[in-house]
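A closer look at the structure
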Amino acid sequence: MSSIAPLFKSFRLHNLTLPNRVVMSPMTRSHSPGGVPGANVAAYYRRRAEGGVGLIVTEGVAINHPAAVSDDKIPQMFGDAALAGWKRVASEVHAVGGHIFPQLWHVGMMRKPGELPNVDAPAVGPSGLALNGKKISEPLTEKDVEYLIGAYAEAAGNAMKAGFDGIELHGAHGYLIDQFFWGQTNTRTDRFGGDIAARTRFGVEIVQACRRATRPDFPIALRWSQWKSTDYNAKLATTPQELERFLKPLVDAGVDLFHCSQRRFWETEFDSALNIAGWTKKLSGKPVVTVGSVGLDGDLIGSLSGKPSHHVGIDKVVAMVERGEVDLVAVGRALLADAAWPVKIREGRAQDLTPLTQESFVNLI
Ligand SMILES: Cc1cc2nc3c(=O)[nH]c(=O)nc-3n(C[C@H](O)[C@H](O)[C@H](O)COP(=O)(O)O)c2cc1C
């Protein structure tokens with residue numbers, strides 16, 4: 001067995017057998033005018049499937065709510081034209097042996113006034129509070145919250161009908177679902193607020209509604225993070241006990257896979273040798289995806305500020321898979337640089353990888 005072999009062992013999630021452990025991390029592209037993914041989107045994902053990615057998680061995709069996203073080129077999971085576009089994406093990915101989940105997204109209070117696609121739609125959130133705690137708008141009513149839960153479920157049902165293999169709910173980085181998880185943005189006193197377990201209620205009801213809108217064996221993944229895009233040092237769970245209380249209701253609701261978002265996968269949690277994905281697996285008993293600078297020597301924030309990152313070896317993350325601490329490994333920027341990253345790694349051709357440059361973020365091909 002070569003040292004990278006554990007990354008190329010198959011993995012089973014319900015009826016879905018993934019050929020290897022490499023996941024394409026969700027990355028917003030904004031290349032879908034009017035919310036409709038066209039031929040270029042299908043080609044972009046098909047290239048990653050051809051390059052050997054076991055499971056693609058798409059860029060964030062808007063659910064059907066006027067304030068879901070902040071750009072009119074972000075794709076949506078509703079409406080005939082968009083769903084026809086997604087059908088083509090899923091079928092092109094399947095044609096070359098790939099598997100694909102859409103990432104269902106609502107930005108909540110991260111939306112700024114006047115942003116597209118619906119300039120008049122105000123930001124919505126559990127308590128009308130921005131991530132810094134500033135009051136921006138009125139809290140969502142219970143009826144509004146129930147509407148949003150229905151919109152996630154509608155998107156999940158649409159995704160299944162379009163041919164996707166499962167869904168990922170974006171519950172990370174300070175967006176809407178995470179705003180419910182986070183005590184500083186969720187001060188509600190109804191069933192959607194309270195302690196860390198009670199604050200999962202919105203996520204829990206979304207998972208249950210998505211399950212009802214799909215099938216019992218349709219994989220539902222939840223992406224979550226300790227950090228927010230506005231505060232990299234934030235900690236949703238400060239102890240393993242809190243993390244367990246956070247995870248349990250979500251597991252009971254039917255989450256099949258936790259995608260634990262970190263900027264650097266090797267950073268450990270709670271003074272232990274495990275990272276947050278390792279802890280999530282240990283406490284939930286569910287499969288997990290780890291992510292964060294896999295195969296690169298610099299993190300996402302460095303890239304966003306123009307700092308170069310270079311391809312590096314992946315022994316450390318492969319060892320985590322081999323030890324069974326994590327099941328799947330998501331790769332983001334390295335796959336923007338080179339769609340054939342998995343094949344080149346598997347064949348020991350790392351020297352042939354196309355470097356990550358600032359252009360990789362502009363062209364997004
Ligand atoms: C251009 C770009 C867009 C991103 N968009 C999303 C997104 O829509 N949803 C999400 O959960 N994460 C998003 N991320 C974060 C990535 O999924 C990933 O977690 C992060 O880039 C770390 O992985 P990496 O170091 O392998 O790039 C984005 C990252 C990049 C570089």
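Residues numbered from 1 in each chain as written. Predicted model: local features only at pLDDT ≥ 70, side-chain atom pairs only at ≥ 80, totals over all residues.

1. Some remarks on the overall build of the chain
When its secondary structure is counted, the chain shows 12 helices and 10 strands. Computed over the C-alpha atoms, the radius of gyration of the chain is 19 Å, within 12% of the 21 Å expected from 2.2 N^0.38 for a compact globule of 365 residues. Over its C-alpha atoms, taken along the principal directions, the chain stretches across nearly 55 × 50 × 45 Å. Residues counted as buried form 51% of the 365 residues belonging to the chain. Look at the contacts in the chain between residues 6 or more apart in sequence, and 73% of them connect residues 24 or more apart. (Helix = DSSP H or I, 4+ residues; strand = E, 2+ residues; numbered from the N terminus. Rg over C-alpha atoms; globule rule 2.2 N^0.38 Å. Buried ≥ 20, exposed ≤ 12 C-beta atoms within 10 Å, placed from the backbone. Contact = placed C-beta atoms within 7 Å.)

2. Focus: the confidence of the model for the chain
When pLDDT is averaged across the chain, the result is 96; 99% of the residues are at 70 or more. In the model of the chain, helix H12 (residues 358–363) stands out as the element of lowest mean pLDDT, 86, in contrast to strand S5 (residues 100–105), which has the highest, 99. (pLDDT = per-residue confidence, 0-100.)

3. Notes on the site of the ligand
As a structural note, the neighbourhood of the ligand is formed by 22 residues, with Ser25, Met27, Gly60, Gly332 and Arg333 the closest of them. Every element with two or more residues in the shell around the ligand is listed here: strand S4 (55–62), strand S6 (167–173) and helix H10 (333–337). A class-by-class count of the residues in the shell around the ligand yields 10 nonpolar, 9 polar and 3 charged. (Near = placed C-beta within 6 Å. Nonpolar A, V, L, I, M, F, W, Y, C, P; charged D, E, K, R; others polar.)

4. So, helix H3 (residues 142–162)
Its 21 residues place the ends of H3 30 Å apart at the C-alpha level, agreeing with the 30 Å of an ideal helix rising 1.5 Å per residue. Burial in H3 covers these residues: Val145, Leu148, Ile149, Ala151, Tyr152, Ala153, Ala155, Ala156, Asn158, Ala159 and Ala162. On its buried face, H3 is in contact with helix H2 (80–95), S5, S6 and helix H5 (201–213). The first or second residue beyond H3 is Gly163, which carries a positive phi of 105°. (Expected span 1.5 Å × (residues − 1).)

5. Regarding the sheet that holds strand S3 (residues 22–24)
In spatial order, the strands read S3-S4-S5-S6-S7-S8-S9-S10; together these 8 strands close into a barrel with parallel pairing. Taking each pair of neighbouring strands and ignoring which way they run, the sheet shows an average axis angle of 25°. The pairing of S5 with S6 spans 2 bridges and is parallel. Of the residues in S6, the one forming a bridge with Leu104 is Leu169. (Pairing = 2+ DSSP bridges. Axes fitted to C-alpha atoms, helices over the stretch in contact; angles between N-to-C directions.)

6. Here we look at the pairing of S4
Strand residues, when the strand is regular, have side chains that alternate between the two faces of the sheet. Counting buried residues in S4 gives 8 out of 8 residues, a clear majority hidden from the surface. As paired elements, S3 and S4 share 2 bridges and run parallel to each other. Across the sheet, Val23 pairs through a bridge with Leu55, a residue of S4. Regarding the hand of the β-α-β motif, the stretch spanning S4, H2 and S5 is right-handed. (Right-handed = clockwise from strand over helix to strand, strands pointing away.)

7. Looking at the environment of Leu336
Locating Leu336 in the fold gives a position in helix H10. Classification of Leu336 as buried rests on a count of 25 C-beta atoms within 10 Å. Counting along the chain gives 309 residues from Leu336 to Met27, while the straight-line C-alpha distance between them is 9.0 Å. Among residues more than four places away in sequence, those in contact with Leu336 are Met27, Leu356, Ser360, Phe361 and Leu364.

8. Concerning the packing of helix H1 (residues 39–50) against H2
One can describe the packing of H1 onto H2 by two numbers: an axis separation of 8 Å at closest approach and a directional angle of 20°. As judged from the angle between their axes, H1 and H2 are roughly parallel. Handedness of the H1/H2 crossing: right-handed. Each of Val41, Ala42, Tyr45, Arg46 and Ala49 in H1 lies in contact with H2, whose residues at this interface are Gly85, Arg88, Val89, Glu92 and Val93. Here the contact of H1 with H2 is composed, by residue class, of 6 nonpolar, 1 polar and 3 charged. (Parallel < 35°, antiparallel > 145°, perpendicular 65-115°, else oblique. Left-handed = near helix turned anticlockwise from the far one by under 90°.)

9. Some thoughts on the nonpolar core
Judged by nonpolar contacts, the single largest core of 112 residues is most densely connected at Leu104, Tyr152, Ile167, Cys210 and Val329. The leading source of residues in this core is H3, at 10 residues. Residues contacting Cys210, with those up to four places away along its chain left out, are Tyr152, Ala153, Ala156, Ile167 and Ile220. (Core = buried A, V, L, I, M, F, W, Y, C linked by C-beta atoms within 7 Å.)

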